[in-house]
Amino acid sequence: MVKPQVALDIDFGKRTWTLRNIHEYDASGVIILEQGRFGLCAELAMYLFEKIKPLLNGRYEVKFAMASETGFFSSDLSNHIVLLLVDKSDRQVYLIDPSFHKYARKKDLAEYQVTNFQDSLSFVKDKSHDVSFGVDQAIPLYIKNDSLLSFSVTSVDGKFDKDNFILVISAIQRFKFAGRDIVVIGRRNKEFEDFQDKKLLNQLLTEGEITTLFNKLKSWIERV
């Protein structure tokens with residue numbers, strides 16, 4: 001998210017926000033992971049699919065699925081992406097979650113509830129470089145020390161315009177379900193607002209990462 005080419009667009013009229021150039025592809029149209037191993041859950045699922053596809057030999061039907069997961073993504077509105085493999089010989093269903101390094105028969109993973117099935121992911125099919133969300137919705141970014149960091153663009157007491165919007169980095173511990181805002185930066189009734197939970201930030205990010213993150217968020221604020 002903090003790479004130079006990634007930009008934030010906010011559409012106050014439609015109450016949406018978009019990260020531009022967050023997805024990258026190679027010359028063959030395959031998703032590129034950061035350092036070859038990090039990415040959003042949808043990117044990890046697509047990357048894994050491309051890697052295992054030659055090994056399936058037509059025996060397995062593959063589906064992308066939205067799923068809730070009791071550790072971090074417990075909401076029915078979760079947009080966490082996993083892979084489902086259906087063995088055509090016995091209809092056994094296997095779930096693969098590359099974000100959490102889990103692979104097992106779906107019936108043995110009680111912590112997952114699958115809510116939606118897709119044959120492909122539209123952003124990859126369209127080779128889209130962007131990802132969009134509604135106001136107050138969050139995008140998961142990073143997992144460390146059993147905490148999930150997320151980024152969101154939020155309204156202020158229901159108001160969402162150039163004088164009332166907040167960029168938020170929040171942290172939620174596994175199985176806690178109530179997150180803590182560790183970075184808050186934006187405008188409230190035209191007044192600039194800037195807050196950080198330094199103790200928790202220092203547990204989750206290095207000093208250099210914190211500086212890079214704040215510089216990115218401030219650059220976005222200045223362009224709105």
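Our subject in this report is the structure included herewith. Keep in mind the model is a prediction, meaning the values are calculated, not measured. (Residues numbered from 1 in each chain as written. Predicted model: local features only at pLDDT ≥ 70, side-chain atom pairs only at ≥ 80, totals over all residues. Heavy atoms only, no water.)

1. Digging into the overall build of the protein chain
Move 1: From N to C terminus, the protein chain includes four helices and 13 strands.
Move 2: On C-alpha atoms alone, the protein chain measures out to a radius of gyration of 19 Å, which is about the 17 Å that the 2.2 N^0.38 rule sets for 224 residues.
Move 3: By principal-axis analysis of the C-alpha atoms, the protein chain measures approximately 65 × 40 × 35 Å.
Move 4: The proportion of buried residues among the 224 residues of the protein chain is 44%.
Move 5: Taking all contacts inside the protein chain whose residues are at least 6 apart in sequence as the whole, residues at least 24 apart take part in 51%.
Move 6: Carbon and sulfur atoms make up 48% of the accessible area of the protein chain, which totals about 12,300 Å².
Move 7: Placing the 31 positive and 31 negative side-chain charges of the protein chain at their respective mean positions leaves the two points 2 Å apart. (Helix = DSSP H or I, 4+ residues; strand = E, 2+ residues; numbered from the N terminus. Rg over C-alpha atoms; globule rule 2.2 N^0.38 Å. Buried < 20%, exposed > 50% of the residue type's maximum accessible area, 1.4 Å probe, protein only. Contact = heavy atoms within 4.5 Å. Areas by Shrake-Rupley, 256 points an atom, 1.4 Å probe, with all protein chains shown as cover. Lys, Arg positive; Asp, Glu negative; His and termini not counted. Charge placed at Lys NZ, Arg CZ, Asp CG, Glu CD.)

2. Digging into the sheet that holds strand β4 (residues 80-87)
Move 1: Reading across from one edge, β6-β5-β4-β3-β7 is the order of the five strands in this open sheet, with antiparallel pairing throughout. Edge positions in the open sheet fall to β6 (102-105) and β7 (112-118), since each of these has one partner strand only. On average, adjacent strands in this sheet sit at an angle of 30° to one another, irrespective of strand direction. (Pairing = 2+ DSSP bridges. Axes fitted to C-alpha atoms, helices over the stretch in contact; angles between N-to-C directions.)

3. Let's talk about the sheet that holds strand β1 (residues 7-11)
Move 1: With respect to topology, three strands assemble into an open sheet ordered β1-β2-β8, the strand pairing being antiparallel. Edge positions in the sheet fall to β1 and β8 (131-134), since each of these pairs with one other strand and no more. Adjacent strand axes in the sheet meet at a mean angle of 20°, parallel and antiparallel pairs treated alike.
Move 2: Note: strand β2 (residues 16-20) against β8, four bridges, orientation antiparallel. Looking across to β8, one finds that W17 is bridged to F133.

4. Topic: the side chain of R187
Move 1: By the element assignment, R187 lies in strand β12 (residues 180-188).
Move 2: No salt bridge is formed by the buried R187, whose closest oppositely charged neighbour, D163, lies at an N-O distance of 5.7 Å.
Move 3: For R187, the contacting residues outside a window of four places in its chain are V156, K162, D163, N164, F165, I166, I221 and V224. (Salt bridge = Lys/Arg side-chain N within 4 Å of Asp/Glu carboxyl O.)

5. Some points on the packing of aromatic side chains
Move 1: Inspection of every chain in the model, using the stated rule, returns seven aromatic pairs.
Move 2: Residues W17 and F133 carry aromatic rings whose centres are separated by 5.0 Å and whose planes lie at 25° to one another, so their mutual orientation is stacked. Here the residue W17 occupies a position in strand β2, and F133 occupies one in strand β8, the gap between them amounting to 116 residues. No difference in accessibility class separates W17 from F133, as the two residues are buried.
Move 3: Connected via pairs of aromatic rings, a cluster forms that spans W17, F133, F151 and W220. (Phe/Tyr/Trp six-rings, centres within 6.5 Å; stacked < 30°, edge-to-face > 60°.)

6. Observations regarding the side chain of D197
Move 1: Mapped onto the elements, D197 comes out in the loop between β13 (191-196) and α3 (198-204).
Move 2: A relative accessible area of 14% means that D197 is categorised as buried.
Move 3: Once residues within four sequence positions are removed from consideration, D197 is found in contact with R180, D181 and I182.

7. A short note on unusual backbone geometry
Glycine aside, residues mostly have negative phi, and peptide bonds are mostly found in the trans state.
Move 1: For Q35, which is not glycine, the phi dihedral falls at a positive 55°.
Move 2: Its location among the elements puts Q35 in the loop between β2 and α1 (41-52).
Move 3: Judged by its relative accessible area of 66%, Q35 falls in the exposed class.

8. Quick word on the nonpolar core
Move 1: One finds L19, F151 and L167 to be the most contacted residues of the largest nonpolar core, which totals 34 residues.
Move 2: Taken together, the elements giving at least two residues each to this core come down to β1, β2, β8, β10 (147-154), β11 (165-173), β12, α3 and α4 (207-223).
Move 3: With six residues, α4 is the largest single contributor of residues to this core.
Move 4: Apart from the residues within four sequence positions on either side, L19 is in contact with M1, V6, A7, L8, H129, D130, V131, I139, F151 and W220. (Core = buried A, V, L, I, M, F, W, Y, C linked by side-chain atoms within 4.5 Å.)

9. Let's talk about α4
The α-helix advances 3.6 residues per turn, and as a result positions three or four apart in sequence lie on the same side.
Move 1: Under the 1.5 Å per step criterion, the end-to-end length of α4 is 25 Å for 17 residues, consistent within 8% with the ideal 24 Å.
Move 2: Among the residues of α4, those classed as buried are I210, L213, F214, K216, L217, S219, W220 and I221. (Expected span 1.5 Å × (residues − 1).)

10. Quick notes on the environment of A171
Move 1: Checked against the element boundaries, A171 lands in strand β11.
Move 2: Taking the relative accessible area as the measure of exposure, A171 reaches 7% and is therefore buried.
Move 3: Sequence-wise, A171 and S147 are 24 residues apart; in three dimensions their C-alpha atoms are separated by 6.1 Å.
Move 4: Beyond its immediate sequence surroundings of up to four residues, A171 is in contact with L148, L149, G179, R180, I182, L200 and L204.

What is shown is where atoms sit, not what they do.
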